[in-house]
Amino acid sequence: TLFPYTTLFRSSTTKTGLFAKAQEKLHLSLANLKEGFGVVGIAVGAYLKGAVVSATSAEKSTKQLTNTLVNQGMSASDAKKNIASFTDGITKMSDYSKGEAKSALMALAEKGISAGNALKAEGTIANTAAGMNTDLVSAANLVADAYHGKGKALVSLGILSKAEVKNMGNSEKAGISMAEVQNRLNKRF
């Protein structure tokens, strides 16, 4: 070579040797770690955002349900106890969530079913939903309509036939008690 010091100079400035290789691996590991945290960070952020939205929604639905029960003449503390009792009862006997149970209780309350009658019907509603392969709110609405003697609900639930409802006089509203509706549903499901 014409310049013997060029080779010496290049080897001292390029990354060779054990230390240089370790430094390069560390750099790659940090880059991978940074990239990994980016993906994890995005996932954690999305999860936390979803959790906050879910918690806010749950709190809002609980307040709305409490207000509905208070409007039916119940104290706020009794309303909260009944909500907890209903949701705990549903979740212990089935795979339905507390949110689904609250929605079902709200559906019952909106149809004029008292909290006491709703508590008596929690098992019936959960079994009806499972037996009919439907959601808890749909089952609650059907059971509430059946409690009110609505012929269409009584037929849909298999409690009465169309002919039986018609023979009762008014196909829109049949004379059948809540206890009888519940007994027949419990036998069926």
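Peer 1: Quick one: what's the story with the pattern of salt bridges, residue by residue and with numbers?
Peer 2: For the coordinates displayed, the defined rule picks out three salt bridges. Notably, a salt bridge pairs Lys111 with Asp145, separated by 2.9 Å at the nearest N-O pair. One end of the pair, Lys111, is in the loop between α4 (98-110) and α5 (115-132); the other, Asp145, is in helix α6 (residues 136-147), and 34 residues separate them in sequence. According to the relative accessible area criterion, Asp145 is buried, its value standing at 16%. Note that Glu180 is salt-bridged to Arg184, the shortest N-O span being 2.7 Å. You can see Glu180 and its partner Arg184 sitting in helix α9 (residues 178-188), four residues apart, about one turn around the helix. You can call Arg184 partly exposed: its relative accessible area is 32%.

Peer 1: Could you give me a rundown of the side chain of Glu122, with the residues and numbers involved?
Peer 2: Tracing the sequence through the fold places Glu122 in helix α5. For the buried Glu122, which has no salt bridge, the nearest side chain bearing the opposite charge is Lys92, at an N-O separation of 8.9 Å. What Glu122 contacts, discounting residues up to four positions off in sequence, is Ser85, Phe86, Gly89, Ile90 and Met93.

Peer 1: Hey, could you go over unusual backbone geometry for me, with residue numbers and the actual values?
Peer 2: Backbone geometry follows two general trends: most residues other than glycine have a negative phi, and most peptide bonds adopt the trans configuration. The backbone of Asn133 sits at a positive phi, close to 55°, despite the residue not being glycine. The exposed category is assigned to Asn133, whose relative accessible area is 73%.

Parameters at a glance
Residues numbered from 1 in each chain as written. Predicted model: local features only at pLDDT ≥ 70, side-chain atom pairs only at ≥ 80, totals over all residues. Heavy atoms only, no water. Salt bridge = Lys/Arg side-chain N within 4 Å of Asp/Glu carboxyl O. Helix = DSSP H or I, 4+ residues; strand = E, 2+ residues; numbered from the N terminus. Buried < 20%, exposed > 50% of the residue type's maximum accessible area, 1.4 Å probe, protein only. Lys, Arg positive; Asp, Glu negative; His and termini not counted. Contact = heavy atoms within 4.5 Å.

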